[in-house]
Every structure is written in structure tokens, then in C-alpha cells.
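An overview of the molecular structure
Spelled out, the chains give:
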Amino acid sequence: MTTDKTVTAPIAVDIAIVGGGLAGSLAAAVLARAGHRVALVDKRAVHPDEFRVEKLGGQQLEMFRKLGFLHALENVACRYDRVLNIRESKVVDVSVGQAYGFSYANLVAMARSQLPDPSHLIVDDVIAIGTSDDIQHLELASGRRLDARLVVLATGMAGALGYKLGIKRRVLAERHSVSFGFTIARKDSAPFDFEALTCYGERTADGIDYLSLFPAPAGMRANLFMFRDPADPIMRELRREPEATVLRLLPGLRSYLGDFHVTDKVQNWVMDLTVVEGHLQPGLVLIGDAFQTNCPAAGTGVARLLVDVDRLCTEYAPRWLATPGMSAEKIAQFYSDPDKLAADQRSLKMAHFRQALTSRDDLGWDVRRRLHFLRRSLTHRVDQMHPGWLGRVRGALRA
């Protein structure tokens, strides 16, 4: 599909997906591979390299495998299997399991490459959407029109289209967290002594949850997650003097990093926790951050997104298309899906838990924080002395 202002006849598809970031691109690929007529509309042919999702592991990879994207992911990412977890320069434990680091732009490009036909991507801007119980009408900036039975809004936190449709965002926690992303290397060009490393904050006053270091195609990537006022001077210091500021905030890192430097621009992101209201409408469904935002430190954003894509694209959308109409009653089935509800609720719960565990300085949370890291350390020591024993015990308890 190409931009051509002389074309006046609407383009007819089963599903129009607005927004070609990770959520929209994955959804388009899943639906198109299943044989549905899909249009993925985004104003950029190549997604910019934003500071967004940069690593995946655990159950997220299982979902990628289920949706058929794991092999393609392996081609654009760096795999790692061990993460050394430290606090106050001491080892807390070691996480073992398959994980991948990458750039967000490459992840989106990978998802788009899974579209069976490049013409599924329309490089244009949606300026208006008209919804109904039957056919949805989309107006594009080029003058073209799209007619679709279902519109999937995957526009992230951009709310202009939703606002026009009467959809509003309710802020649950303004400026909930701040994230920083940058790439580091040793000045002598030698490799680091770890495959991947997580360093947890040492003082509640610093508001640092953790710094995650992991391999990516561009080098050793650093993601720093904080619960602190974005206007605090420390934010400017992290952008201007990241090496010295990181070591001042996390002195236990010094012996692990050696003489290092930041090799690219320091990027940062301020996140509000929000949910939408007024979203239950005929012919329209919201997924990913367009529906609910997440705390990056909690690591639940991609899990939520993948649950949305899986449930909508493998269960509900095919079923809806098999019968006439696209009423609000149909759309409500997706929003009330038990797996989706559980993922949404867990994401909010973990966001508040990470903030409290990091920043609360009352006696109750101080004790809870100490017990949290003590339990992890003791578990690690037992596993070192008796490898596999804890795994067998957990397996027996689940049986």
C-alpha cells in the first residue's frame, strides 16, 4: 500500500491497527499470518530508536515463543544466561535463565518483518476515526480512507485520537518513576567480568531501585530505574556526568565496573501510571500502553502487552470477525478477559511494590526490605552448597 492522494476509494480491511510500535506491529503480524486482511498504519516507515523496551526474559520469552517470534528475536538480540545481582558491593544471588538484550528500534523492525506482505504497512497518519456497530471509518492525513470492521488502537501514550473519541486518561500516580538508558564500555576496551549485572540501591533517600547492565548489539547497556522527583538536580547530573554520578549513588559498583565511560547519549523517561476511561466503544479496542501504562522498574510492561496481543489476536478478534457486527458487547469480552485483568492488576501492584520497597523508610518497610534481600541471599547460599536441591523442593511442592 502506497501513499497516493489521488486514490479516493476506501481501502477495505478486516482490522486496522493504528500505531506501529511494538504492540501494534506484533498484533499486525499475528493477525496477518492468520490470514486476516490487516492494515498497520504508522507515520514512520522505520521506527526511531527510542528508549523503551530493551530486554526480555522469563515468561516474556515463553509468550514470544507461543506467538511465533522467538527465532526472529534471536536474530536481532544478544543472548545472556546469568545475571549477577549485588547490593552494597556484596553478591545477593545469581539469576540463571535465558534472556535477550536489544534496541527497541530493532525489536519493532523485527516484528514488522514478520508481516507476510510489506503492503500491510501504510505509512500515513490517522487524523480521525468514526466508529459504529458495523464498519469503522479512518481518515488519513494523505486524504485516503480506510474501512475496517475492527480498529485496534496501539498508539502508546499518545492520546490525541483517543481524546477525539471521548477516551480520557486517569492518572493514578503522576511522575511515578524515572528511567535512564545509556551504553557503557571499559576505557581499556577489555570485556567486563560479568555477563550481566543488577545493582540495587543502597539508601532509601537516593530513590534508586536498581541499575541493570546487560549485553546488547551496541555494547553493555545500562538501565537505571529511580523513584525520585524528575525536577531533582540529580537528574541533570546523571545526564551531564553519568559515570561519576552513578558511582556516587551506587559506590558498590566501582569494583565491578573498573575504569569505564558512557559511549552514547544518556536518555531518560518519566512515567505516569495511568488507565483509560470511556474506552468501551463499538468497533474499537485499545492494547498495550494505549490502555494502561506501567512502571518500567517492575518489568511488567512487555508481559502486559504480550497478554493483550495474545488474547485479542488469537482468541477474540478471530471470533468477532466470524459473526456480523462489532458491538460494544463484543469488545467488552476482551476487557473482561481473566488473563488480561490479572496482567493489568499485577502490573499496578508491582509498580507500587517496587516504589515502596525502594523508597519507604518507615520501620515496617525497612524490615521488609532487609528480609527481602536476606531471603534471596540465603536461598543463593543453599543453592551453592546443594545445587538443584531448592528446585526439586519447589517442584515437589507444586506437584
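Described in the following lines is the structure provided in the data block. Quick caveat, the model's predicted, so the values are computed rather than measured.

Details of the overall build of the protein
Counting secondary structure elements, the protein contains 13 helices and 16 strands. Compactness check: the protein gives a C-alpha radius of gyration of 23 Å against a globular reference of 21 Å for 399 residues, within 12% of the reference. With the principal axes as the frame, the protein shows a C-alpha extent of 65 × 50 × 40 Å. In the protein, which comprises 399 residues, the share counted as buried stands at 51%. Long-range pairs, those at least 24 residues apart, make up 69% of the contacts in the protein between residues at least 6 apart in sequence.

Here's the deal with the pattern of salt bridges
Side chains that carry opposite charge are capable of pairing whenever their charged atoms lie near each other. Per the counting criterion, the structure on display carries 32 salt bridges. Two residues, Asp 14 and Arg 37, come together in a salt bridge whose shortest N-O distance is 3.1 Å. Taken together, the residues span a long stretch of sequence, with Asp 14 in strand β1 (residues 11–18) and Arg 37 in the loop between α1 (22–33) and β2 (38–42) at a distance of 23 residues. In this structure, Arg 52 and Glu 50 form a salt bridge, with 3.5 Å as the shortest nitrogen-oxygen distance. Among the charged side chains, a salt-bridge network with shared partners connects Arg 304, Asp 308, Lys 340 and Asp 344.

Concerning the nonpolar core
Considering soluble globular proteins, one finds that nonpolar side chains tend to be buried as a cluster. Counting residues in hydrophobic clusters, the biggest one holds 75 residues, and the most contacted among them are Ile 17 and Leu 73. At 11 residues, the largest contribution of residues to this core is made by helix α9 (residues 301–321). The residues contacting Ile 17, other than those within four sequence positions of it, are Gly 24, Ala 27, Ala 28, Leu 31, Val 38, Ala 39, Leu 40, Val 41, Val 152 and Ala 154.

Some words on the environment of Asn 294
Note that Asn 294 resides in the loop between β16 (284–286) and α9. With sequence-adjacent residues up to four places away left out, Asn 294 is seen in contact with Met 271, Leu 273, Asp 289, Thr 300, Gly 301, Arg 304 and Ser 347. Separated by 3.1 Å, the side chains of Asn 294 and Arg 304 make a polar contact.

Considering the packing of aromatic side chains
Evaluated as defined, the whole model comprises 11 aromatic pairs. A ring pair is formed by Tyr 316 and Trp 320, whose centres lie 6.0 Å apart and whose planes are at 35°; its orientation type is tilted. Here the residue Tyr 316 and the residue Trp 320 both occupy positions in helix α9, the gap between them amounting to four residues, near one helical turn. Residues Tyr 316 and Trp 320 agree in their burial class; the two are buried. With 6.3 Å between their ring centres and 75° between their planes, Tyr 316 and Phe 334 make a pair best called edge-to-face. Placement of the pair is Tyr 316 in helix α9 and Phe 334 in helix α10 (residues 328–335), with a sequence separation of 18 residues. Of the two residues examined, Tyr 316 and Phe 334, each falls in the buried class. Three or more aromatic residues joined by ring pairs form one cluster here, namely Phe 291, Tyr 316, Trp 320, Phe 334 and Tyr 335.

So, the pairing of strand β8 (residues 136–140)
Side chains Gln 136, Leu 138 and Leu 140 project from β8 onto a buried face, and the interleaved His 137 and Glu 139 project onto a face without burial. Here strand β7 (residues 126–130) runs beside β8; their pairing, made up of four bridges, is antiparallel. Bridging across to β8, Gly 130 finds its partner in His 137. In sequence, β7 turns back onto β8 through a hairpin of five residues. In terms of strand pairing, β8 meets strand β9 (residues 145–153) through four bridges, oriented antiparallel.

Details of the environment of Arg 240
Tracing the backbone through its elements, the reader meets Arg 240 in helix α6 (residues 233–240). For the pair formed by Arg 240 and Lys 265, sequence separation is 25 residues and the distance between their alpha carbons is 9.6 Å.

Some thoughts on unusual backbone geometry
Trans peptide bonds make up the majority, and among non-glycine residues the majority have a negative phi. The backbone of Glu 88 sits at a positive phi, close to 55°, despite the residue not being glycine. Along the chain, Glu 88 turns up in the loop between β4 (78–87) and β5 (90–101). Despite not being glycine, Arg 175 has its phi angle at roughly 50°, a positive value. Relative to the elements of secondary structure, Arg 175 occurs in strand β10 (residues 168–186). Judged by relative accessible area, Arg 175 falls into the partly exposed class, the value being 42%.

Observations regarding the side chain of Asn 85
Among the secondary structure elements, Asn 85 is positioned in strand β4. With residues up to four places along the chain from it excluded, the contact list for Asn 85 reads Lys 90, Val 91, Val 92, Asp 93, Val 94, Ser 95, Thr 198, Tyr 200 and Arg 376.

Things to note about a nonpolar patch on the surface
Residues Leu 363, Val 367, Leu 371, Leu 374 and Leu 378 make up a contiguous nonpolar surface patch of roughly 470 Å² in combined accessible area. Residue position: Leu 371 is located in helix α12 (residues 363–385).

Here's the deal with the packing of α6 against helix α7 (residues 242–249)
Between α6 and α7, the least distance of the axes is 6 Å, while the angle of their chain directions is 130°. By the angle class used here, α6 and α7 are oblique. Judged by residue contacts, Ile 234, Glu 237, Leu 238, Arg 239 and Arg 240 of α6 engage Pro 242, Thr 245, Val 246, Arg 248 and Leu 249 from α7. The residue inventory of the contact of α6 with α7, partitioned by class, reads five nonpolar, one polar and four charged.

Topic: α10
Since the α-helix packs 3.6 residues into each turn, any two residues three or four apart lie on the same face. Taken as a whole, α10 has its buried residues at Ala 328, Lys 330, Ile 331, Phe 334 and Tyr 335. Buried residues along α10 cover an arc of 155° about the axis, so they all sit on one side. Where the residues of α10 are buried, they touch β9, β16, α9 and α11 (338–359).

A closer look at the pairing of strand β13 (residues 219–226)
Summarising burial for β13: seven of the eight residues are buried, a large majority. Direction of pairing for β10 relative to β13: antiparallel, over a ladder of seven bridges. In the sheet register, Phe 182 faces β13, and the bridge partner there is Ala 222. Hairpin connection between strand β12 (residues 208–216) and β13: a loop of two residues separates the two successive antiparallel strands.

Cut-offs and rules
Residues numbered from 1 in each chain as written. Predicted model: local features only at pLDDT ≥ 70, side-chain atom pairs only at ≥ 80, totals over all residues. Heavy atoms only, no water. Helix = DSSP H or I, 4+ residues; strand = E, 2+ residues; numbered from the N terminus. Rg over C-alpha atoms; globule rule 2.2 N^0.38 Å. Buried < 20%, exposed > 50% of the residue type's maximum accessible area, 1.4 Å probe, protein only. Contact = heavy atoms within 4.5 Å. Salt bridge = Lys/Arg side-chain N within 4 Å of Asp/Glu carboxyl O. Core = buried A, V, L, I, M, F, W, Y, C linked by side-chain atoms within 4.5 Å. Polar contact = N/O pair within 3.5 Å; in protein donor to acceptor, adjacent residues only side chain to side chain. Phe/Tyr/Trp six-rings, centres within 6.5 Å; stacked < 30°, edge-to-face > 60°. Pairing = 2+ DSSP bridges. Patch = residues over 30% accessible without salt bridge, like charges linked within 9 Å, V, L, I, M, F, W, Y side chains within 5 Å. Areas by Shrake-Rupley, 256 points an atom, 1.4 Å probe, with all protein chains shown as cover. Axes fitted to C-alpha atoms, helices over the stretch in contact; angles between N-to-C directions. Parallel < 35°, antiparallel > 145°, perpendicular 65-115°, else oblique. Nonpolar A, V, L, I, M, F, W, Y, C, P; charged D, E, K, R; others polar. Arc of directions from axis to C-beta.

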